[in-house]
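An overview of the molecular structure
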Amino acid sequence: QVQLVESGGGLVQAGGSLRLSCAASGRTFSSYDMAWFRQAPGKERVFVAYFGWSGDYTNYADSVKGRFTISRDNAKNTVYLQMNSLKPEDTAVYICAARGISRLSRTNQGTYDYWGQGTQVTVSS
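This write-up is about the structure you can find in this document. (Residues numbered from 1 in each chain as written. Predicted model: local features only at pLDDT ≥ 70, side-chain atom pairs only at ≥ 80, totals over all residues. Heavy atoms only, no water.)

Moving on: the overall build of the protein. Each helix and strand counted, the protein has 0 helices and 11 strands in total. Overall, the protein shows an N-to-C arrangement of helices and strands of β-β-β-β-β-β-β-β-β-β-β. Whereas a compact globule of 125 residues would reach a radius of gyration of roughly 14 Å, the protein reaches 13 Å, a difference of no more than 12%. Overall, the C-alpha framework of the protein stretches about 40 × 25 × 25 Å when taken along its three principal axes. A burial count over the protein gives 45% of its 125 residues as buried. Across the protein, every contact between residues at least 6 apart in sequence was considered, and the portion connecting residues at least 24 apart equals 59%. (Helix = DSSP H or I, 4+ residues; strand = E, 2+ residues; numbered from the N terminus. Rg over C-alpha atoms; globule rule 2.2 N^0.38 Å. Buried < 20%, exposed > 50% of the residue type's maximum accessible area, 1.4 Å probe, protein only. Contact = heavy atoms within 4.5 Å.)

Written out as structure tokens, the structure is:
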């Protein structure tokens, strides 16, 4: 069982930056694929970024490419999402997810086993 706790959300002006953190419990963090999703008010949850367990593959939604960077520190059992050049349309609850090693779609939320509670990010114009 893995528990995920996000932090780092808040209110920021357009063009600003935030860094989200997701701390995971458990001793096998390094063997989990990690991802960030987000859910805006009244909208479905969507994929944002992925960092594979092997450490050599990342993937991003087109809407955040070049602005967001996902990283992980296995020694700290933590995955991060650095968000730069934020836009009002980035406003959402950002949710961390984890799954065991899998060949299934990295962007499909149904393939993830564990979820955090989320952290609110609000970008003002």
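Don't stop here, the text continues.
The final tally for this structure, using the stated rule, is 6 aromatic pairs. Relative to Tyr112, the ring of Phe37 lies with its centre 5.4 Å away and its plane at 75°, an arrangement referred to as edge-to-face. Note that Phe37 is positioned in strand S4 (residues 32–39) and Tyr112 in the loop between strand S9 (92–100) and strand S10 (114–115), a separation of 75 residues in sequence. For Phe37, a relative accessible area of 1% translates into the label buried. (Phe/Tyr/Trp six-rings, centres within 6.5 Å; stacked < 30°, edge-to-face > 60°.)

It is worth spelling out the environment of Thr111 at this point. Position of Thr111 relative to the elements: it lies in the loop between S9 and S10. Given a relative accessible area of 13%, Thr111 falls into the buried group. Each C-alpha atom, one on Thr111 and one on Gln39, is 17 Å from the other, the two residues being 72 residues apart in sequence. The residues contacting Thr111, other than those within four sequence positions of it, are Arg99, Leu104 and Ser105. Within the structure, the side chain of Thr111 is placed 2.7 Å from the side chain of Arg99, a separation counted as a polar contact. (Polar contact = N/O pair within 3.5 Å; in protein donor to acceptor, adjacent residues only side chain to side chain.)

Generally speaking, nonpolar side chains in soluble globular proteins are found buried as a group. Grouped together as the largest cluster of nonpolar side chains are 37 residues, with contacts concentrated most on Leu4, Met34, Trp36, Leu81, Met83 and Tyr94. Going through the elements one at a time, strand S3 (18–24), S4, strand S5 (45–51), strand S7 (68–73), strand S8 (78–83), S9 and strand S11 (119–124) are the ones with two or more residues in this core. (Core = buried A, V, L, I, M, F, W, Y, C linked by side-chain atoms within 4.5 Å.)

Every second residue of S7 is oriented toward a common face, the buried set being Phe68, Ile70 and Arg72 and the non-buried set Thr69, Ser71 and Asp73. Across 6 bridges, S7 lies against S8 in antiparallel orientation. Directly across from Phe68, in S8, lies its bridge partner Met83. (Pairing = 2+ DSSP bridges.)

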